[in-house]
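Each chain is listed here by its residues.
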Amino acid sequence: MKLLGKRGVSLLFEQLSCGLPVLIKTVPNKVVTLDAWVNTGSANEDESNNGISHFLEHMMFKGTPKYGVGELDRIIMNVGGVWNAGTSKDFTHYYVTVASPFFETALDCISDMLQNSLIDKNEFDREKQVILEEFRRKQDSPFGFLYDELYEATFQKSPYRQSVLGSFESISALDRDAMYDYYQRYYTPANMLLIIVGDVEPHLLLPMLEKAFSGFKNSNQPLQDGNHTTEFSVPATKVIEKDVNETYMAMSFPAPGILAHEEVLALDLASTILSDGRSSRMYQDLKEKQRIVHSISAGFPTHRHESMFYVISTLDADNVAQAQSATMKLLREFSEIPPGESEMAKAKRIISNGFQFGMETNTGQSGTIGYYYTLTGTLDFLDSYLERLASITPEQVSSVVRNSINREPNIVVLAPHTNTKDAAL
Amino acid sequence: MTGFVKDHQTPGIETLSNGMRVILLPSTANTIVAATIFLPVPGAVEREPESGLVGFTNRMLMRGTKALTSSELADAIERLGTSMSCDTNDDFSFAHFVSTSDTFDESLSILSDVLQKPSFEPEEIEKERQSTLAAIRRSEDDKFSLTFKRFQRELYGDHSYGLPRNGTIESVSEFKREQLLDMYSEFYDPGQYLAVCVGNFEADKARAMFEDLFIPSAQPIEKYEAPEPARVMPAHVQFSKQGEQSFLAAGVQACGYLSPDFAAMRVLNTVLGEGMSSRLFIHLRDEHGLAYATGSSYGPMRAGGHVFGYIGTKPESLSFARDAMLEQFEILKRELVPEEELQRAKNYIVGKFLIDHQTNYRRAFYLGFYEQMGLGIEMDDIYPDLISRVTADQVRELAQKYLNDYTIVELLAE
């Protein structure tokens with residue numbers, strides 16, 4: 001086993017005979033989490049199969065030749081454990097937490113699920129109705145709806161424009177055989193990562209891991225990585241009216257992908273200074289001083305490739321135009337005058353503490369490790385994250401915002417059914 | 001059998017010379033420390049025209065002290081990298097922070113000022129009012145919140161448990177500074193606070209700080225305890241909102257934390273609607289594909305509680321979903337839960353409970369919560385055993401006792 005990470009996070013690394021990389025972090029807390037990351041998400045889809053990664057995540061709990069429908073959940077529940085899973089633009093992951101004496105039970109379940117899911121046709125047809133209900137639910141959720149609309153408005157050609165859930169039409173058109181083919185193609189040792197965090201003795205695990213994944217085969221089918229492009233949509237404003245009480249507004253700008261480490265760190269700091277906490281600039285200026293928004297947050301959902309920097313606010317429909325202009329004014333000032341040392345120190349402290357607080361749970365650790373490792377292919381960025389964050393200068397923080405806002409934003413406004421269009425435009 | 005083993009001794013409760021009770025559990029597992037102070041200020045003390053007043057008062061504590069303006073206070077806390085807030089539920093309020101060990105002293109000093117020297121500046125009250133009104137409007141854009149709010153109202157009638165803890169547009173619009181000051185002087189007495197610290201801190205130093213920083217009220221306040229809610233005539237209510245999904249909540253009043261039925265009701269609810277192997281999930285979601293979001297929830301409080309099923313589904317499926325859900329309630333009354341299913345549900349509850357003890361913040365909360373609710377700190381140790389002793393007969397008896405005369409609230413998509 002190889003020790004990875006020396007500065008921020010240290011883990012043992014082993015590549016199993018089948019090719020599956022495994023990262024192990026020992027924490028003496030009586031609990032163990034197994035978290036399997038698959039290098040595929042909605043960014044690996046196209047219009048014809050949009051939603052397949054997420055739908056497959058549901059189908060993974062629907063049985064293998066060894067365990068029937070629902071049995072994987074019942075087994076874990078029987079030992080007081082908890083399953084969870086999530087699909088994103090760049091990845092899908094499955095994680096299970098149990099008391100450490102039940103490590104082998106959890107390993108048996110998750111390894112069987114990853115290698116041998118049946119994707120039964122009848123179960124597929126039934127689950128499609130569930131997915132369509134999930135889609136309807138998202139359409140009725142202001143933030144979920146706004147977020148999907150923002151991605152579609154921001155990314156003109158990049159596969160990131162596609163929703164993780166898919167559209168009603170694309171979900172309806174998905175078929176079982178195409179999903180099985182997708183599963184065989186992407187769920188392979190070379191395209192995955194297993195993270196184990198918890199009360200385990202690494203050297204005792206290896207024989208169990210080798211046995212559990214001994215039959216896991218790689219696929220020789222090509223993987224689709226989407227047609228990534230930094231060509232963003234032409235700036236525009238889209239106003240959508242719905243039966244909502246508040247107005248929800250999102251503004252987006254181009255941003256770099258995760259491999260641009262220094263810019264990512266600078267933009268993480270910028271987002272923190274701008275909107276993390278009640279002393280942040282946007283909160284103090286737009287919410288407390290000008291009182292033109294009810295809530296505001298800046299975000300930087302870092303993707304493997306091109307990303308976006310956004311500002312989402314909730315407000316009265318009458319204040320939409322004023323809030324847009326005030327947000328732009330604040331961002332322009334920020335991009336021209338670097339933040340002071342004191343503000344930088346505060347932001348670095350907030351991020352550093354948030355990082356530590358997030359590592360208190362096994363799933364917090366496996367989630368952070370898996371995210372960075374899956375997107376970058378190594379542990380280096382995560383390991384050096386806090387150290388490199390400390391060396392980011394105020395000029396870098398201003399500069400990264402300047403690069404993002406050197407064009408007008410894409411804007412999506414979700415407003416109540418009134419005369420808000422005039423206000424927005 | 002869950003295999004979980006607790007990794008610490010349950011600490012004792014100490015009463016300090018200022019009357020404050022403290023529970024201290026130092027640990028060097030990491031550099032994080034969590035402190036939670038439980039205040040005997042229940043949301044349930046509110047009456048109809050002042051719904052939301054306790055939560056509003058608590059949020060005002062974070063909006064400036066006699067020494068620091070609202071923005072200075074926020075800056076002082078965030079500069080330490082500490083997260084701090086004052087929250088409310090039906091039975092008590094709680095102020096808490098999570099910090100790193102090197103800033104524990106400063107964080108605790110700030111929290112002491114927040115709790116004892118709030119300024120209630122008129123301008124800050126107006127800002128909080130706008131913020132709260134917006135939060136209420138946003139919650140009404142969420143179908144689950146909207147349906148649940150109406151369900152609570154129908155289920156509890158005039159009892160304070162039926163009021164939304166965030167308040168209503170009408171109530172929050174009318175709050176006066178004097179009401180907040182009255183609420184503060186009437187209920188906030190450090191001599192009756194319970195403080196819990198878990199994590200990387202020095203117990204002697206923390207004890208001394210709690211003793212020095214917190215000054216009890218000259219006249220001890222009288223604790224408020226909510227009366228048991230009266231049974232209300234069951235209702236079947238429908239209202240509408242534009243959208244793609246209809247939403248349904250159906251349930252009954254149930255027992256609270258102090259009831260001998262509490263553990264069995266927890267198990268009943270898990271069998272019914274918690275997790276992917278629960279009955280509502282299997283029958284309504286897996287078998288019929290009616291929903292993505294379906295399950296049940298048990299909400300115990302000190303003097304009562306409720307259990308209800310919920311589902312979000314396309315409008316044409318609502319009636320079928322309602323019948324299918326109520327049928328699952330009825331089966332619990334007719335048939336014993338098979339032993340294997342019962343054991344699975346019990347293991348799931350205990351496992352989740354123990355997994356939820358991973359962070360210092362949650363450990364501090366659990367320890368103080370049981371004491372504050374009158375169950376005693378030892379409940380944190382005996383809870384798994386209480387759950388493990390629940391029998392199938394008890395679950396059926398409980399179903400027969402409580403699952404009758406359902407209150408049903410339906411939000412129809414149009």
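Residues numbered from 1 in each chain as written. Chains lettered and ligands numbered in written order. Predicted model: local features only at pLDDT ≥ 70, side-chain atom pairs only at ≥ 80, totals over all residues. Heavy atoms only, no water.

Chemist: Would you explain the overall build of chain B in this entry?
Modeler: When helices and strands are counted, chain B shows 15 helices and 11 strands. Taking 2.2 N^0.38 as the reference for a compact globule, 414 residues should give roughly 22 Å; the C-alpha atoms of chain B span a radius of gyration of 22 Å, in line with that estimate. C-alpha atoms of chain B, sized along the principal axes, occupy 60 × 50 × 35 Å. Looking at chain B as a whole, 63% of its 414 residues qualify as buried. (Helix = DSSP H or I, 4+ residues; strand = E, 2+ residues; numbered from the N terminus. Rg over C-alpha atoms; globule rule 2.2 N^0.38 Å. Buried < 20%, exposed > 50% of the residue type's maximum accessible area, 1.4 Å probe, protein only.)

Chemist: Help me out: how do you make sense of the overall build of chain A in this one?
Modeler: Scanning chain A for helices and strands turns up 16 helices and 12 strands. Computed over C-alpha atoms, the radius of gyration of chain A comes to 23 Å, within 12% of the 22 Å expected from 2.2 N^0.38 for 425 residues, which places it in the range of a compact globule. Projected onto its principal axes, the C-alpha positions of chain A cover 60 × 50 × 40 Å. Among the 425 residues that make up chain A, the fraction classed as buried is 63%. Within chain A, contacts between residues separated by at least 24 positions form 81% of all contacts whose residues are at least 6 apart in sequence. Accessible surface, chain A as shown: approximately 15,500 Å² in total, 49% of it carbon and sulfur. Computed over 38 positive and 54 negative side-chain charges, the inter-centroid distance for chain A is 2 Å. (Contact = heavy atoms within 4.5 Å. Areas by Shrake-Rupley, 256 points an atom, 1.4 Å probe, with all protein chains shown as cover. Lys, Arg positive; Asp, Glu negative; His and termini not counted. Charge placed at Lys NZ, Arg CZ, Asp CG, Glu CD.)

Chemist: In this structure, what is going on with the interface of chain B and chain A? I would like to understand it.
Modeler: Accessible area lost when the parts come together is the quantity often used to give the size of an interface. Between chain B and chain A, the residue contacts involve 68 residues of the former and 63 residues of the latter. Of the roughly 5,500 Å² buried between chain B and chain A on both sides combined, carbon and sulfur atoms contribute 51%. Scanning the region where chain B abuts chain A turns up 13 salt bridges. Across the chain B-chain A interface, the total number found is 37 residue pairs in polar contact (both at pLDDT 80 or more). The dominant element in the side of chain B that touches chain A, judged by the number of residues it contributes, is helix α4 (residues 122-139) of chain B, at nine residues. The residue inventory of the side of chain B that touches chain A, partitioned by class, reads 17 nonpolar, 26 polar and 25 charged. (Buried area = accessible area lost by both parts, 1.4 Å probe. Salt bridge = Lys/Arg side-chain N within 4 Å of Asp/Glu carboxyl O. Polar contact = N/O pair within 3.5 Å; in protein donor to acceptor, adjacent residues only side chain to side chain. Nonpolar A, V, L, I, M, F, W, Y, C, P; charged D, E, K, R; others polar.)

Chemist: Honestly, the pairing of strand β9 (residues 294-300) of chain B in this entry has me stumped. Any pointers?
Modeler: Regular strands place side chains that alternate from one sheet face to the opposite one. Residue and element names in this part refer to chain B. Where burial is concerned, most of β9 is hidden: six out of the seven residues are buried. As defined by bridge partners, β9 adjoins strand β10 (residues 305-313) across seven bridges and the pair is classed as antiparallel. Among the inter-strand pairings, T294 is bridged to a residue of β10, identified as I311. From the end of β9 to the start of β10, which pair antiparallel, there are four residues. (Pairing = 2+ DSSP bridges.)

Chemist: Is there a simple way to explain the packing of helix α10 (residues 281-289) of chain A against helix α11 (residues 320-336) of chain A in this structure?
Modeler: Packed helix pairs are specified by the crossing angle of their axes together with the interaxial distance, meaning the distance between the axes. All names here are of chain A. Here α10 crosses α11 at 145°, and the two axes come no closer than 11 Å. Crossing of α10 over α11 shows right-handed handedness. Across the interface between the two elements, R281, M282, D285 and L286 from α10 touch A323, A326, T327, L330, L331 and F334 from α11. Grouping the constituent residues of the contact of α10 with α11 by class yields seven nonpolar, one polar and two charged. (Axes fitted to C-alpha atoms, helices over the stretch in contact; angles between N-to-C directions. Left-handed = near helix turned anticlockwise from the far one by under 90°.)

Chemist: Help me out: how do you make sense of the sheet that holds strand β8 (residues 237-242) of chain A in this one?
Modeler: Sheets are built from strands paired through backbone hydrogen bonds, the pairs being either parallel or antiparallel. Residues and elements named next belong to chain A. Read from one edge of the open sheet, five strands run β8-β12-β9-β11-β10, paired in mixed fashion. The open sheet terminates on both sides in strands that have one partner only, identified here as β8 and β10 (295-299). Between one strand axis and the next, the sheet turns by 10° as a mean value, whatever way the strands run. Across five bridges, β10 lies against strand β11 (residues 307-315) in antiparallel orientation. Following the sheet pairing, A298 is matched in β11 by V311. Helix α9 (residues 261-275) contacts β9 (247-255), β10 and β11 of the sheet and is inclined by roughly 170° relative to β10.

Chemist: How do you make sense of unusual backbone geometry when you look at a structure like this?
Modeler: Peptide bonds are trans in most cases, and residues, glycine excluded, mostly fall at negative phi. Residue and element names in this part refer to chain A. The backbone phi angle of K30 is positive, close to 70°, even though this residue is not glycine. Its place among the elements puts K30 in the loop between β3 (21-26) and β4 (31-38). The exposure class assigned to K30 is partly exposed, which follows from its relative accessible area of 30%. One non-glycine residue, R291, lies in the positive phi region at around 55°. You can see R291 is positioned in the loop between α10 and β10.

Chemist: What exactly am I supposed to notice about the confidence of the model for chain A here?
Modeler: Atomic detail in the predicted coordinates should be set aside for any region of low pLDDT. In the predicted model, chain A carries a mean pLDDT of 94, and 98% of its residues have values of at least 70. Segment residues 420-425 of chain A: pLDDT under 50, and 12 contacts once partners within four positions in sequence are set aside and those in other chains are kept. (pLDDT = per-residue confidence, 0-100.)

Chemist: Mind showing me how you'd approach the nonpolar core here?
Modeler: The tendency in soluble globular proteins is for nonpolar side chains to be buried side by side. Membership of the largest hydrophobic core comes to 65 residues, with the highest contact counts inside it found for L23(A), L331(A) and V397(A). The biggest single contributor to this core is α9(A), with eight residues. Ignoring any residue separated from it by four or fewer positions in sequence, one finds V397(A) in contact with A266(A), L269(A), A270(A), I273(A), F334(A), P339(A), M344(A) and I392(A). One finds V196(B), A254(B), A263(B) and V307(B) within the second-largest nonpolar core, a separate group that totals 64 residues. (Core = buried A, V, L, I, M, F, W, Y, C linked by side-chain atoms within 4.5 Å.)

Chemist: Looking at this structure, I do not really get the state of the cysteines. What am I missing?
Modeler: Simply put, the disulfide is a covalent bond whose two ends are the sulfur atoms of two cysteines. Within this structure, the stated rule accounts for zero disulfides over all chains. You can see C18(A) has no disulfide; the closest cysteine sulfur is in C109(A), sitting 18 Å from it. With no disulfide of its own, C197(B) has C86(B) as its nearest cysteine by sulfur position, at a separation of 15 Å. With a relative accessible area of 0%, C197(B) lands in the buried category. (Disulfide = S-S within 2.5 Å.)

Chemist: Just checking my understanding: could you explain helix α7 (residues 176-186) of chain A for this structure?
Modeler: Along an α-helix, residues three or four apart share an orientation, since each turn contains 3.6 residues. All names here are of chain A. Turning to α7, its buried residues are R176, M179, Y182, Y183 and Y186. Projection of α7 onto a plane perpendicular to its axis shows the buried side chains occupying an angular sector of 120°, all on one side. Buried residues belonging to α7 abut β4, α1 (52-59), α3 (103-116) and α4 (121-140). With a side-chain oxygen lying 3.0 Å from the backbone nitrogen of D177, the N-terminal cap of α7 falls on D175. (Arc of directions from axis to C-beta.)

Chemist: What's the story with the packing of aromatic side chains in this structure? I'm lost.
Modeler: For any two aromatic rings, the description comes down to two numbers: the centre-to-centre distance and the angle of the planes. Tallying each qualifying case throughout the model produces 57 aromatic pairs over all chains. Centroid distance Y182(A) to Y186(A): 4.5 Å. Interplanar angle 35°. Geometry classified as tilted. Note that Y182(A) and Y186(A) are positioned in helix α7 at a spacing of four residues, about one turn of the helix. The burial state of Y182(A) is the same as that of Y186(A); both residues are buried. Consider the rings of Y257(B) and F262(B), whose centres lie 5.0 Å apart with planes at 45°: the pair is tilted. (Phe/Tyr/Trp six-rings, centres within 6.5 Å; stacked < 30°, edge-to-face > 60°.)

Chemist: How do you make sense of the side chain of E57(A) when you look at a structure like this?
Modeler: Looking at the element boundaries, E57(A) is found in helix α1. No salt bridge is formed by the buried E57(A). Its closest oppositely charged neighbour is R285(B), at 7.2 Å. Those residues in contact with E57(A) that lie beyond four places of it in its chain are A85(A), G86(A), T87(A), T92(A) and Y94(A).

Chemist: Would you explain the sheet that holds strand β7 (residues 236-241) of chain B in this entry?
Modeler: Residue and element names in this part refer to chain B. On the basis of which strands lie adjacent, the open sheet formed by five strands has the order β7-β11-β8-β10-β9 and mixed pairing. Sheet topology places β7 and β9 at the edges, where each strand pairs with a single neighbour. For this sheet, the mean inter-axis angle between neighbouring strands, taken without regard to orientation, is 15°. The pairing of strand β8 (residues 246-254) with strand β11 (residues 407-413) spans five bridges and is classified as antiparallel. Paired with F247 across the strands is L411, a residue of β11. Along the sheet face, helix α9 (residues 262-273) touches β8, β9 and β10 and points at about 170° away from the line of β9.

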